[in-house]
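Structure at a glance
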There are 2 protein chains.
Amino acid sequence: MIQKLTDKIKQTHAPICVGLDPMLSYIPEHLLKEAYAEYGETLEGAAEAVWQYNKAIIDAVYDLIPAVKPQIAMYEQFGLCGLATFKRTVDYCHQKDLLVIGDVKRGDIGSTSAAYAAGHLGRVTVGTKEYTAFDEDFATVNPYLGTDGIKPFIDVCKQEKKGIFVLVKTSNPSSGEFQDRVTDGRPLYEWVGEKVAEWGESHMGDTYSYVGAVVGATYPEMGRVLRRIMPKSFILVPGYGAQGGKGKDLVHFFNEDGLGAIVNSSRGIIAAYKQEAYVRFGEQNFADAARAAVEDMIADIDGAICSVK
Amino acid sequence: MIQKLTDKIKQTHAPICVGLDPMLSYIPEHLLKEAYAEYGETLEGAAEAVWQYNKAIIDAVYDLIPAVKPQIAMYEQFGLCGLATFKRTVDYCHQKDLLVIGDVKRGDIGSTSAAYAAGHLGRVTVGTKEYTAFDEDFATVNPYLGTDGIKPFIDVCKQEKKGIFVLVKTSNPSSGEFQDRVTDGRPLYEWVGEKVAEWGESHMGDTYSYVGAVVGATYPEMGRVLRRIMPKSFILVPGYGAQGGKGKDLVHFFNEDGLGAIVNSSRGIIAAYKQEAYVRFGEQNFADAARAAVEDMIADIDGAICSVK
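This one's a predicted model, so the numbers in the text were calculated from it and none came from an experiment. (Residues numbered from 1 in each chain as written. Chains lettered and ligands numbered in written order. Predicted model: local features only at pLDDT ≥ 70, side-chain atom pairs only at ≥ 80, totals over all residues. Heavy atoms only, no water.)

1. With respect to the relation of the copies chain B and chain A
Here is the rule: Least-squares fitting of one copy onto the other uses the C-alpha atoms of those residues that reach a pLDDT of at least 70 in both copies.
Superposing chain B onto chain A takes a rotation of 180° combined with a translation of 0.0 Å along the rotation axis, leaving an RMSD of 0.0 Å. The transformation relating the two chain copies, once decomposed into turn and shift, fits a two-fold axis. Closest approach to the rotation axis among the C-alpha atoms of chain B is made by Thr183(B), whose C-alpha sits 2.4 Å away.

2. Section: the interface of chain B and chain A
Short version of the rule: By definition in these notes, contact holds between two residues if any of their heavy atoms fall within 4.5 Å. Two parts placed together each lose some accessible area; with a 1.4 Å probe, that loss summed over both constitutes the buried area. When a carboxyl oxygen of Asp or Glu is within 4 Å of a side-chain nitrogen of Lys or Arg, the pair counts as a salt bridge. Residues adjacent in sequence count toward polar contacts only when both atoms are side-chain atoms; beyond that, a polar contact is any pair of N or O atoms within 3.5 Å, and within protein one must be able to donate a hydrogen and the other to accept it. Side-chain classes are defined by residue name, with Ala, Val, Leu, Ile, Met, Phe, Trp, Tyr, Cys and Pro counting as nonpolar, Asp, Glu, Lys and Arg as charged, and the others, Gly among them, as polar.
Counting residues at the interface gives 70 residues for chain B and 70 residues for chain A. For the pair chain B and chain A, the summed buried surface comes to about 5,800 Å²; carbon and sulfur atoms form 61% of the total. Considering only the side of chain B, the residues that lose the most area to chain A are Glu41(B), Tyr144(B) and Phe178(B), jointly responsible for 15% of the buried surface there. Connecting chain B to chain A are eight salt bridges. Ionic pairing is found between Arg106(A) and Glu76(B), a salt bridge with its closest N-O pair at 3.0 Å. Connecting chain B to chain A are 39 residue pairs in polar contact (both at pLDDT 80 or more). A per-class count over the side of chain B that touches chain A returns 34 nonpolar, 24 polar and 12 charged.

3. Here's the deal with the pairing of strand β2 (residues 67–70) of chain A
Residue and element names in this part refer to chain A. Stated precisely, the cut-off is as follows: Buried, partly exposed and exposed residues are distinguished by accessible area as a fraction of the type maximum, computed with a 1.4 Å probe on protein chains only: under 20%, between the cut-offs, and over 50%, respectively. We count a stretch as a helix when DSSP gives it H or I for four or more residues in a row; a strand needs E for two or more, and each element gets its number in order from the N terminus. When DSSP finds two or more bridges between two strands, those strands count as paired.
The two faces of β2 match: Ala-67 and Lys-69 on one face and Val-68 and Pro-70 on the other face are all buried. Sheet topology note: the strand β1 (residues 16–20)/β2 ladder contains four bridges and is parallel. In the sheet register, Cys-17 faces β2, and the bridge partner there is Ala-67. By the bridge criterion, two bridges tie β2 to strand β3 (residues 99–106) in an arrangement that is parallel. Among the inter-strand pairings, Val-68 is bridged to a residue of β3, identified as Val-100.

4. Focus: the sheet that holds strand β11 (residues 235–237) of chain B
Each strand in a sheet pairs with another by means of backbone hydrogen bonds, the pair being arranged parallel or else antiparallel. All names here are of chain B. Formally: Every angle, taken between N-to-C directions, lies between 0 and 180 degrees, and every axis is a line fitted to C-alpha atoms, over only the stretch in contact when it is a helix.
If you trace the eight strands once around the closed barrel, you get β1-β2-β3-β6-β7-β10-β11-β12, paired in parallel fashion. Going from strand to strand, the sheet's axes swing by 30° on average, the running direction of each strand aside. Inspection of the sheet shows strand β3 (residues 99–106) paired to strand β6 (residues 138–141) by three bridges, in the parallel sense. Directly across from Gly-102, in β6, lies its bridge partner Ala-139. Across the sheet, helix α7 (residues 147–160) touches β3, β6, β7 (163–169) and β10 (211–215), and the angle it forms with β7 is around 150°.

5. Considering the nonpolar core
For the record, the criterion: To qualify as a nonpolar core, a set must consist of buried Ala, Val, Leu, Ile, Met, Phe, Trp, Tyr and Cys residues joined through side-chain atoms within 4.5 Å.
Membership of the largest hydrophobic core comes to 230 residues, with the highest contact counts inside it found for Ile164(A) and Ile164(B). Excluding anything up to four places from it in sequence, Ile164(B) contacts Leu121(B), Phe138(B), Ala139(B), Val141(B), Ile150(B), Phe153(B), Ile154(B), Cys157(B), Tyr210(B), Val211(B) and Gly212(B).

6. Considering the packing of aromatic side chains
Test applied: Centres within 6.5 Å are what make two rings of Phe, Tyr or Trp a pair, Trp counting through its six-membered ring; a difference in plane orientation under 30 degrees is then read as stacked, over 60 as edge-to-face, and the rest as tilted.
Considering all chains together, one arrives at 14 aromatic pairs over all chains under this definition. For the ring pair Phe138(B) and Phe165(B), a centre distance of 5.5 Å and an interplane angle of 40° mean the geometry is tilted. Placement of Phe138(B) in strand β6 and of Phe165(B) in strand β7 is noted, with a sequence separation of 27 residues between them. Under the relative-accessibility criterion, Phe165(B) is labelled buried at 1%. Connected via pairs of aromatic rings, a cluster forms that spans Tyr53(A), Tyr273(A) and Phe286(A).

7. A word on the confidence of the model for chain A
Quick reminder of the rule: The score called pLDDT rates the predictor's confidence residue by residue, from a low of 0 to a high of 100.
When pLDDT is averaged along chain A, the result is 95, and 98% of the positions lie at 70 or above. What the predictor reports for the complex is a pTM of 0.97 with an ipTM of 0.97.

8. Observations regarding the packing of helix α6 (residues 110–120) of chain A against helix α7 (residues 147–160) of chain A
Residue and element names in this part refer to chain A. Note the cut-off: Every angle not falling under 35 degrees, over 145, or within 65 to 115 is termed oblique; those three ranges are roughly parallel, roughly antiparallel and roughly perpendicular. Rotating anticlockwise by less than a right angle from the far helix to the near helix defines a left-handed crossing, while the corresponding clockwise rotation defines a right-handed one.
For the pair α6 and α7, the least separation of the axes is 8 Å and the interaxial angle reads 40°. If you check the angle between α6 and α7, you find them oblique. The two elements α6 and α7 cross, and the hand of that crossing is right-handed. Packed against α6, whose contacting residues are Gly-110, Ser-113, Ala-114, Tyr-116, Ala-117 and Ala-118, the element α7 presents Asp-148, Gly-149, Pro-152, Phe-153 and Val-156 at the interface. By residue class, the composition of the contact of α6 with α7 is seven nonpolar, three polar and one charged.

See the structure below:
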C-alpha cells in the first residue's frame, strides 16, 4: 500500500488527501431536505445525507487525488447508522481506486490494540471463516501507551501490507502541552519521532516504511526536524488551509525526492462552496467547488515543492 | 453520575467494575455453537455469541457491582454487528441500573473530539430532533493532544452530568516509554495528572470531580503519588488480577474516605471459569464462576481498604 501511495502521488502530482469529515452544517440544504424527506429527521436521515454528500464529492475529485481520509468521529456520532455510512464510504472509495486513511486515532494495548487493528486494517476470524470489518488501507494511531499499543498494529500491517500514521506532533494550539515538554534535552515529539523511525525499520516498503507519522502543517519548523529524524516515514500533514498552513510552509515536510508527505485538507475542500473563493459555484454545485479547491491545493503544494527541487 | 457512582460503591462495598471485553476465545463452546447455528460463522454470529455471553454475565453479577466497563475494540472488530452488540450491552446494563464506563480511549481535537463526546456521552442534533448514539455514562479519553482534546468532552459532560477518565499512567509494560519521561523534574504522567486535577476543578460533583484518571494497578507507587496530585479525581484502575495487581497493592489508589478509586477486572471475571480457582463450576456455568470471582475480588479489595482505614 505504501508503494501504491507513492505511485499514485507521482502519477497525480498530488501529495494530498481529502478529509471526509462531514459535519451536518457543511451539507447543502437540498441534500439534507431529500434525506429527511425519505428517512425523517432521524439518525438514518443524517447518515443518508452524509452518504450523498460524500458520494458527490468523491465522484467529483477521485481522479485528481491518491487518497481520502475519513474522520470516523463524524460518523460515530450518529451511532450505527453513521458507522454504516463510514463503511459505505470506505468501500466506495476503494471502488474508485482511492487509498483510504481511516482517521481513527485508536490506541490501546495488547489484545485490545490487536482488535482495533483487525477491525480497521485486518481480518477477524469467526469459527472457520475470516471477515474484514471496516477495511481501511491506513489508520492513524495514538502513541501515548508506547510500543505495546503500536506493535499489534504493525503485526497486522505486515500481514496485510497496510500502514499506520502515528500521532507525533498534532496541529492544534494546545498540542504543545505534553508533546513539546523537553525530556533528555529534546521535546517529547522528537522522542516519539525516533520511535516511529525505529518501528518503521521492521516494516519497510521499497523506499518508505509502512509506519508513518502525523505532524501538523501549523508547525513547519518542527516538521523540518521530524523529517530528518524519520527520513523513511511518510508524514501525514493535517492543518492545511482552514487551520492556517500554506503550501510554501510545507516544503520541509517533503524529502528531496518530492515524496514522503501527504497533506490533508478537510473543510477547505468539502465545504469549499462556503468560502468566498468558490462561492461562485453556488450551494447546488458544492462538488464542483470541491474539485476546484482540490485543483488549487495541488497547484499550491506541487508548485511549492517544484520551486525548491 | 459521579455521585451515583460513589453512592453505589458505598451501597455495594464494591469499588470495582467488570470489564466486558469479550474475546471469542473466552466464550464457552455451547454459546458459540448456538449462535453459529442461528446465524452461521458470520459477523452476525460472532456478535450474537458475544451478546449472549455478556447478558449471562451481567445477569449473574449486576447486583454486586456499581459499574461495568465494556471495551469497544472487542466489538468494533466485528464491524457494525459488533457495535450493535456494544450498544445493546450498554442499554441492557442501564436497564439493570449499572453505570457504564465506555472504554473507548478516544481523543482528537475541537469539533472532532466534540463529535466523539456527542456520540458516546451526549446527544446529536438532526434537524429539529435530538438523539443519543451510544450513551455511556463515562468514557476513557487519551490526553496526548492536550486541552483541545479534553475540553469538548468536558463541555458535553457538564451538560449531561457525565464524566471521563483520562489516561494518565497505563498498566502495560511499555507505558513508561513516553509516560515516565522526566520533564521539568517530574515524569510526564505527573504533569498529565496535574492537568486532570485542573480540568476537574471546572466540573465538580459534591465530593469528586467528573474528570477522573486511568492509573494502572501494576504501578502502585505511582498510584500513591497520583492520588495526592489529583485528590478529587476518581481513579479507574485497570490491571487487577490477570495483569498482576492485588488488593493490598491498591490501597494507595484510594482516599481516606475509602473512595476515589474503581478497580477493573476483565478476563479475571468474565473468563473466570477457565481459571483453576473456579474450574469447579464448569464451562456451562461460566456466569456462576464470574459471580464467585466478583465476590472474591470484592473481599480482596474491600478487605485491603478496611485494613488500612
